[in-house]
Amino acid sequence: MFDNTKPASPEHHTFSGTNLLQIAMPMGGIGAGNICLNGYGGVQDFSIRHKPSFSALPDGHNTDDAAFALLHIKGDKPVTKLLEGPLPIEKIYDQGLKAQGYRQGGHEGLPRFENCRFSHQYPFGHAFLDDETMALSVQITGWNPFIPLDDVNSGLPCAILEYKFKNQSHAPVDFDFSYHLSHLAPSAGMRNEVIKNESGSGIGFSNLLPAHEENFGSAALFAIGQQAKIKAMWFRGGWFDALSVLWREVSTGDFQENNGEGAEQFDGRNGGSLLLSATLAPGEAVTFPVVIAWHFPNVYQRYGEEEKECGSGCDCSAENQPAWRPFYASQWQNAGEVTLYAAKNYQTLRSRTKAFSDALHSSTLPAAVLDAVSCNLAILKSPTVLRQENGNLWAWEGCFTRSGCCHGTCTHVWNYAQALPHLFPALERTLREQELLRSINEKGHINFRAALPDGAPQHDYHAAADGQLGGILKLWRDYQICGDRAWLAKLFPAARRSLDYCIELWDPQRQGGLFEPHHNTYDIEFWGPDGMCGSIYVGALSAMAEICRALGKDSEATPYAELAESAARFLDEELFNGEYYQQKVQWENLRETSFAEKMAQVDESSNEMLRLQKEEGPKYQYGSGCLSDGIIGAWMAEIYGVSTPLNGDNVRQTLRAIFQHNFKDDLSNHVCLQRPGYALGHEAGLLLCTWPRGDKPTLPFVYSDEVWTGIEYQVASHLIENGFMEEGLTIVEAVRSRYDGRVRNPFNEYECGSYYARAMASYAVLNSLSGFRYSAAAKTLWFGPKLEGDFRCFFSTASGFGTIQLENDSLSIEMIEGELAIETLHLTSNGKTQNLSVQVVAKAGQEVDLRLN
């Protein structure tokens, strides 16, 4: 079981040896793409062109994107090494047969440092290099601005790398540090140019394509605060010539500068290099920051749009124009501007990002929780998330190696993600507007996969019950976070239309259950009422009643509140089996008659699938199974502050059953014929569903035997909310033990694709442990740490972020940025709740101390 008495320590975030193998930490802007810092101090995965581009592919995919750093120590016995740790033996095969046409930049065969370890305090990652033959030790720090509420600076399309050198010897050391970048904007014609100003120096890379073409763009490499020697163009030859000449120059101390003139005449990698020189006295250290920026303003990807015909509004003249532009293109004109902005504001961006990181990681939370919360923030910096020029967010569910996976900010997957609404609530609100203003039709049907670019999607597929109903709960959550009553009023008519559509479609008799077949996050339809979607139904009805009251429409609230009562009663009387909520499979006596009619035609001559369904009912149900997110609506309501008529005792009993039956501390005897790679062998994990009472369908829902981290965190948070501390933290520890760097990347919890959005449910664990919830609408703060002893925790609201600390009889709030206005405080401590009128405004730079009785 999990030891919840030990808070996190810096050592917990340190990896070495074989645990460096899978590490790849995204560095990039929200919706802007990324480059990854790997566990050895190198960079990989140049996902900078609005789609994923992952290294180490089994198909030997060719890419010329490369960046690397070299250290040349001068003197009587000069030595030059690649600033990366040793190449792991597991990657050698990639350099063999698979390397034909794919050399990951071609620099992997250079001499490397002998020793390496990696640590992180996300969004900062650190690789530490040392070698007995080298007088200098090296610390490589990679990051990108991550500042809650500041979505512009947090969307910079760049990666910042800091190289800190320290003289470990007893004599002065003269050395050259050089950084090398291939041309990241290749085309039939390319241009390289020198960039120099008071902020530093670097190289701009661009191409000669027409400004509207998809590959038109630019990149830049810049030394912040330093005037470097510049090779704006590599040697122009074939085969390995460019790197051969480059290595010769750097390793002999004979670096040849050039201004890149004529580079546009040549294809190929045609990269550029920067070189900085320094002398360090014994014990002295120096840091050289460099920034890699990119800017590709044209995007031709389109998904899920409503079909149009000529004469009905389509713009045929726009066929050869970009479908849309990324948000960063509205802020900076090219990569050169990005680098100059980053260089000019480097200290401010770094200090603000560090302040956020320090606040988060100073929380007195268990180490696994901090890991789960912080590492999954990398999803926001991954190619999972895109942002359009108008500022609106759009996202995949996750990422395949060369494309996004499952388009359209899928409503039921993003139900689970809790980081964005707290850290960047303005961006989260664009998703509510996406659902309720653009993805809804006149009937109230919401396409759970939104169109890209913004616009009406096709309405030719099932509505998703969990996603559409969950949207009502999220609307209430986001209103509480922002406090903008006018915004709520604007979305209210569509939200009411959406909920009324759900009622009419799935509960036409107003009985309180979702009887008709309803699509859900398991990519199938549940036939008959179930606890999972049914609990969200109760939550949505209750949330709509709250919304009506908040807008002064009390009479309109009553029908929703009454139906919520009926729905909660139905769950208890019809679906609670004394231990947990289950599904009541139903396919007869429904409005939807297709299945019943098909079964009426089945006889002994029918195929085996039809005969099986005649016997067991529709395939892909869970029936008497214990579903891990089988009471998810109660969780959403609890953490969003929605009062529901759900039976608290039955909810808690269901949570007990979920942990008892579905959590396995060893999966070596578990049978999974679906996708076992999420957790298998002697690993621990929470199964999506088990059948403790027997009666497992021959064909249960298609993912039932798998383990998904997003649902593990959802259940962990819900357990903690209901007092099951040990059980909740045990699940979190199990997840993070699987993402140990050796088997899986700690920054990439995958499901259907890498950097899967559902994993951001981990942020909810932070708020569940702290009991922190703030209503900007009511200027009310709830706080009640679940851990014993003095407690300190990070928080973020729409008006600012900071830390909150409870020590003995004193509560202190320190705002890092922004402010927090509190009129009422509900404090729970030592089993007692105090409701206090406080009337305070905590502001940045000030610490507010509240003395408690």
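What you see is a predicted model; the values in this text were computed from it and never measured.

**Considerations on the overall build of the protein chain**
Then comes step 1: Of regular secondary structure, the protein chain possesses 18 helices and 34 strands.
Then comes step 2: For the protein chain, the C-alpha radius of gyration of 28 Å lies close to 29 Å, the compact-globule estimate for 853 residues.
Then comes step 3: In terms of principal-axis extent, the alpha carbons of the protein chain reach across some 85 × 70 × 55 Å.
Then comes step 4: Within the span of the protein chain, comprising 853 residues, buried residues form 60% of the whole.
Then comes step 5: The long-range fraction of contacts in the protein chain, counting pairs at least 24 apart against all pairs at least 6 apart in sequence, stands at 70%.
Then comes step 6: Here the protein chain has roughly 31,700 Å² of accessible surface; of this, 46% comes from carbon and sulfur atoms.
Then comes step 7: Distance between charge centres in the protein chain, computed from 69 positive and 103 negative side chains, equals 3 Å.

**Some remarks on the layout of surface pockets**
Then comes step 1: Quantified by volume, the largest pocket comes out at close to 1,100 Å³.
Then comes step 2: Taken together, 44 residues line the largest pocket, and the ones lying closest to its centre are Gly771, Phe783, Gly784, Pro785 and Thr828.
Then comes step 3: Tallied by class, residues from the lining of the largest pocket come to 15 nonpolar, 19 polar and ten charged.

**Concerning helix α16 (residues 709-721)**
Then comes step 1: In this model, α16 (13 residues) spans 18 Å end to end at C-alpha, consistent with the 18 Å of a helix rising 1.5 Å per residue.
Then comes step 2: Burial analysis of α16 places twelve of its 13 residues in the buried class, which makes it a mostly covered element.
Then comes step 3: Within the span of α16, buried status applies to Thr709, Gly710, Ile711, Glu712, Tyr713, Gln714, Val715, Ala716, Ser717, His718, Leu719 and Ile720.
Then comes step 4: Turning to α16, the residues buried within the fold contact α4 (367-375), α14 (632-640), α15 (648-662), β26 (685-686), α17 (725-738) and α18 (763-770).

**Points about the sheet that holds strand β3 (residues 33-38)**
Then comes step 1: Here we have three strands laid out as an open sheet, ordered β2-β3-β4, and antiparallel in their pairing. Only two strands of the sheet have a single partner each, and these edge strands are β2 (24-29) and β4 (43-47). Neighbour-to-neighbour, the strand axes of the sheet open up by a mean angle of 25°, direction not taken into account.
Then comes step 2: Summarising the sheet, β3 and β4 pair through three bridges and their orientation is antiparallel. Looking at the pairing, Leu37 lines up with Val43 of β4.

**Overview of the sheet that holds strand β9 (residues 136-143)**
Then comes step 1: With antiparallel pairing, nine strands are arranged side by side in an open sheet as β1-β7-β8-β9-β10-β17-β14-β13-β12. Bordering the open sheet on either side are β1 (14-16) and β12 (190-197), each of which pairs with just one other strand. The sheet shows a mean angle of 15° between the axes of neighbouring strands, direction not considered.
Then comes step 2: One ladder, built from nine bridges, connects strand β10 (residues 158-167) with strand β17 (residues 285-295); its direction is antiparallel. When the bridges of β17 are listed, Tyr163 appears paired with Phe288.
Then comes step 3: Here helix α2 (residues 335-344) sits on the sheet and contacts β10, β12, β14 (218-224) and β17; the angle it forms with β14, its principal contact strand, is near 25°.
Then comes step 4: Here helix α3 (residues 346-361) sits on the sheet in contact with β7 (115-121), β8 (124-130), β9, β10, β14 and β17, set at roughly 85° to β9.

**So, the state of the cysteines**
Then comes step 1: Summed over all chains, the structure comprises zero disulfides.
Then comes step 2: There is no disulfide at Cys405, and the cysteine sulfur nearest it, in Cys752, is 3.0 Å away.
Then comes step 3: Assessed through its relative accessible area of 0%, Cys405 is described here as buried.

**What about the environment of Val642?**
Then comes step 1: Structurally, Val642 is set in the loop between α14 and α15.
Then comes step 2: Take Val642: its relative accessible area is 7%, and that puts it in the buried class.
Then comes step 3: Distance from Val642 to Trp476, taken between C-alpha atoms, is 8.0 Å for residues 166 residues apart in sequence.
Then comes step 4: Beyond its immediate stretch of four places on either side in the chain, Val642 contacts Leu473, Trp476, Gly539, Ser542, Ala543, Glu546 and Ala637.

**Remarks on the packing of helix α9 (residues 485-506) against helix α11 (residues 554-575)**
Then comes step 1: Close contact between α9 and α11 brings their axes to 13 Å; oriented N to C, the two are set at 35°. Here the hand of the crossing between α9 and α11 comes out left-handed. Taken together, the residues of α11 that come into contact with α9 (itself represented by Phe492, Arg496, Leu499, Asp500 and Ile503) are Glu556, Tyr560 and Leu563.
Then comes step 2: Here the contact of α9 with α11 is composed, by residue class, of five nonpolar, no polar and three charged.

**Some details on the confidence of the model for the protein chain**
Parts of the model with low pLDDT should not have their predicted coordinates read in detail.
Then comes step 1: Mean pLDDT over the protein chain works out to 93, with 94% of the residues at or above the 70 mark.
Then comes step 2: Counting contacts from residues 1-5, a segment whose pLDDT is below 50, to residues more than four positions away or on other chains yields twelve contacts.
Then comes step 3: Under a pLDDT of 50 for its full length, residues 97-102 has, in the predicted model, 13 contacts with residues more than four places off or in other chains.

**Topic: the pattern of salt bridges**
Then comes step 1: A complete count under the given rule lists 31 salt bridges for this structure.
Then comes step 2: One salt bridge in this structure joins Asp150 and Arg352, with 2.9 Å as the shortest N-O distance. Taken together, the positions of Asp150 in the loop between β9 and β10 and Arg352 in helix α3 put the pair 202 residues apart, joining distant regions of the chain.
Then comes step 3: Since its relative accessible area comes to 14%, Asp150 is described here as buried.
Then comes step 4: The salt bridge partner of Arg302 is Glu305, with a shortest N-O separation of 2.6 Å.
Then comes step 5: When its relative accessible area of 25% is taken as the criterion, Glu305 is described as partly exposed.
Then comes step 6: Residues joined in a network through salt bridges with shared partners are Glu428, Arg432, Glu435, Arg477 and Asp478.

**Side note on the nonpolar core**
For soluble globular proteins, the rule of thumb is that nonpolar side chains tend to be buried together.
Then comes step 1: Counting residues in each nonpolar core, the largest one holds 252 residues, and the members touching the most others are Phe165, Phe177, Tyr179 and Tyr522.
Then comes step 2: Here this core takes twelve residues from helix α10 (residues 531-550), the largest share from any one element.
Then comes step 3: Residues in contact with Tyr522, not counting those within four places in the same chain, are Met532, Leu627, Asp629, Leu688, Phe701, Val702, Tyr703, Trp708 and Ile711.
Then comes step 4: Core analysis: the second largest hydrophobic core is formed by eleven residues, Phe68, Leu70, Trp234 and Val250 among them.

**Observations regarding the side chain of His661**
Then comes step 1: The topology assignment puts His661 in helix α15.
Then comes step 2: A polar contact of 2.6 Å, which involves the side chain of His661, links it to the side chain of Glu579.
Then comes step 3: Among residues more than four places away in sequence, those in contact with His661 are Glu579, Cys626, Thr690 and Pro692.

**Observations concerning unusual backbone geometry**
Then comes step 1: Note the cis peptide between Tyr122 and Pro123, where omega equals 15°.
Then comes step 2: Topologically, Pro123 is positioned in the loop between β7 and β8.
Then comes step 3: Following Leu452, the chain continues to Pro453 via a peptide bond in cis, the omega torsion being 0°.
Then comes step 4: Within the secondary structure, Pro453 is located in the loop between α7 (425-438) and α8 (465-482).
Then comes step 5: Within the chain, Tyr755 stands out as a residue other than glycine whose phi angle is a positive 50°.

**Topic: the pairing of β7**
Then comes step 1: Pairing between β1 and β7: three bridges, direction antiparallel. Paired with Thr14 across the bridge in β7 is Ser119.
Then comes step 2: For β7 and β8, the ladder comprises seven bridges, and the chain directions are antiparallel. What sits directly across from Cys116, in β8, is Leu129.
Then comes step 3: Hairpin connection between β7 and β8: a loop of two residues separates the two successive antiparallel strands.

**Comments concerning the packing of aromatic side chains**
When we look at a pair of aromatic rings, we describe it by the centre distance and by the angle of the planes.
Then comes step 1: Across all of its chains, the model carries 39 aromatic pairs by this definition.
Then comes step 2: Judged by centre distance (5.1 Å) and plane angle (10°), the rings of Phe146 and Phe356 are stacked. With Phe146 in the loop between β9 and β10 and Phe356 in helix α3, this residue pair connects regions lying 210 residues apart in the sequence. Of the two residues, Phe146 and Phe356, neither departs from the other in class, the shared state being buried.
Then comes step 3: Site record: aromatic cluster; members linked through ring pairs are Phe118, Tyr122, Phe146, Phe356, Phe424, Phe747, Phe794 and Phe801.

Basis of the calculations
- Residues numbered from 1 in each chain as written.
- Predicted model: local features only at pLDDT ≥ 70, side-chain atom pairs only at ≥ 80, totals over all residues.
- Heavy atoms only, no water.
- Helix = DSSP H or I, 4+ residues; strand = E, 2+ residues; numbered from the N terminus.
- Rg over C-alpha atoms; globule rule 2.2 N^0.38 Å.
- Buried < 20%, exposed > 50% of the residue type's maximum accessible area, 1.4 Å probe, protein only.
- Contact = heavy atoms within 4.5 Å.
- Areas by Shrake-Rupley, 256 points an atom, 1.4 Å probe, with all protein chains shown as cover.
- Lys, Arg positive; Asp, Glu negative; His and termini not counted.
- Charge placed at Lys NZ, Arg CZ, Asp CG, Glu CD.
- 1 Å grid on protein atoms, 1.4 Å probe; cavity = no way out; pocket = protein on both sides within 12 Å on 5 of 7 lines; lining within 4 Å.
- Points joined across faces, edges and corners; volume = space filled by probe spheres on them.
- Nonpolar A, V, L, I, M, F, W, Y, C, P; charged D, E, K, R; others polar.
- Expected span 1.5 Å × (residues − 1).
- Pairing = 2+ DSSP bridges.
- Axes fitted to C-alpha atoms, helices over the stretch in contact; angles between N-to-C directions.
- Disulfide = S-S within 2.5 Å.
- Left-handed = near helix turned anticlockwise from the far one by under 90°.
- pLDDT = per-residue confidence, 0-100.
- Salt bridge = Lys/Arg side-chain N within 4 Å of Asp/Glu carboxyl O.
- Core = buried A, V, L, I, M, F, W, Y, C linked by side-chain atoms within 4.5 Å.
- Polar contact = N/O pair within 3.5 Å; in protein donor to acceptor, adjacent residues only side chain to side chain.
- Phe/Tyr/Trp six-rings, centres within 6.5 Å; stacked < 30°, edge-to-face > 60°.

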